[in-house]
Amino acid sequence: MSETHPSREPPGFPHRHLLGIEGLSRGEIEFLLDLADVYAAKDPRDHQRSSLLSGYTVINLFFENSTRTRTSFELAAKRLGAEVINMSVASSSIKKGETLIDTAMTLTAMRPDLLVVRHPDSGAVSLLSEKVDCAVINGGDGSHEHPTQALLDALSIRRRKGRLAGLTVAICGDVLHSRVARSNIYLLTTMGAQVRVIAPPTLLPAGIERFGAQAFTDMRAGLADVDIVMMLRLQNERMQGSYVPSVREYFRFYGLDQEKLASAKPDALVMHPGPMNRGVEIDSELADDIDRSLIHTQVAMGVAVRMACLHALLRGEEPPEEGRA
Ligand code: NCD
């Protein structure tokens, strides 16, 4: 199969892998968002599968639990006509370095066209990409990067606000452990948005300003006049010891409710990558408020963005097929 694939780099997105947002240019990010916009406009229920990726095999290789990211990649690949195989590897039962390379060798022998990999260790996906001879998309590596999440967040914002440049975005909560925060800081600053991070001192990474973000430890001060409030989940699975005094106290100081949101612009929108801890990071009613919350849009845009990424990496030279998704 792979020998019939074009060997030249596709125009618009000249990369073999999507391992992170760091290092991508504004034009490359725009290319992916524009392509995702085309897919977002299609009706997935017209029951006509695209054949763009017919004959291609995508393997979802997840060393860490996931519901929405895995299903979103699976749907995206299937809507483009690819074969999809899901492999979950329980991280507790593996000796990491060794198993990762073993897994890479086994998978290479199966000759997939693309691997989507999620792993609890930062850098593991990049390491794996060097050992396989197919395209690799990072579905989240430790607290490092989660590029498709940042792209779907950007697409959700752009479709609602019409632009990214010039907006002020506050990323709030467990910034320390969040790959979503890192990918979003890279993407939003590259696209000309102002980024603030708001976190308790224990969850604020040292030197975060070097990434181009302004740091706050007070929610109301940090939220003043922002256009977008992006909440993060407390990543308990990445915490050893105690970073927050109690869930109740966390909500009181850092949980988003209408009262704290009042510091933001009157038309500010609220986001969360999910899974949400309702009543801990965000007030439940606010999360469901369709006038303020982009949370459902984020899930919907996830499929369109992943279709665009698969398309760009595997068939970058092809336009999307007319009228089909
Ligand atoms: C995020 C992740 O896995 O990094 N979730 C996701 O991809 N939907 C954020 C999180 O787990 O909090």
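Quantities reported herein were computed from a predicted structural model and do not represent experimental measurements.

Peer 1: Give a description of the nonpolar core that names residues and reports values.
Peer 2: In this structure, Leu151, Leu187 and Leu256 are the most contacted members of the largest nonpolar core, which totals 92 residues. With 12 residues, helix H11 (residues 295-315) is the single largest residue contributor to this core. Those residues in contact with Leu187 that lie beyond four places of it in its chain are Ile21, Ile29, Ala150, Leu151, Ala154 and Leu164. Counting 15 residues, the second largest nonpolar core, distinct from the first, contains Val89, Ala104, Ala124 and Leu128.

Peer 1: Please set out the site of the ligand residue by residue, giving values where relevant.
Peer 2: What surrounds the ligand is the set Arg68, Thr69, Arg118, His146, Gln149, Arg179, Val180, Arg233, Gln235, Pro273, Gly274 and Pro275. Contact between the ligand and Thr69: an oxygen atom at 2.9 Å from a side-chain N or O atom of the residue. In this structure, His146 approaches the ligand through a side-chain N or O atom, which is 2.7 Å from an oxygen atom. Protein chains bury 95% of the 320 Å² of accessible surface belonging to the ligand in isolation. For the shell around the ligand, the secondary-structure elements that each account for two or more residues are helix H2 (68-79) and helix H6 (179-190).

Peer 1: Summarise H11; cite the residues concerned and give the values.
Peer 2: Taking 1.5 Å as the rise per residue, H11 with 21 residues should run 30 Å; its terminal C-alpha atoms sit 30 Å apart, in good agreement. Where H11 bends most, the angle comes to about 30 degrees, and this point is Met301.

Peer 1: I'd like to hear about the confidence of the model for the protein, residue by residue, with values.
Peer 2: Mean pLDDT for the protein: 91, with 91% of residues reaching 70 or above. Between residues 1-10, whose pLDDT stays under 50, and residues either more than four places distant or in other chains, the model counts 17 contacts.

Criteria and cut-off values
Residues numbered from 1 in each chain as written. Predicted model: local features only at pLDDT ≥ 70, side-chain atom pairs only at ≥ 80, totals over all residues. Heavy atoms only, no water. Core = buried A, V, L, I, M, F, W, Y, C linked by side-chain atoms within 4.5 Å. Buried < 20%, exposed > 50% of the residue type's maximum accessible area, 1.4 Å probe, protein only. Helix = DSSP H or I, 4+ residues; strand = E, 2+ residues; numbered from the N terminus. Contact = heavy atoms within 4.5 Å. Near = heavy atom within 4 Å. Polar contact = N/O pair within 3.5 Å; in protein donor to acceptor, adjacent residues only side chain to side chain. Areas by Shrake-Rupley, 256 points an atom, 1.4 Å probe, with all protein chains shown as cover. Expected span 1.5 Å × (residues − 1). Bend = angle between axes of the 7 residues up to and from the residue. pLDDT = per-residue confidence, 0-100.

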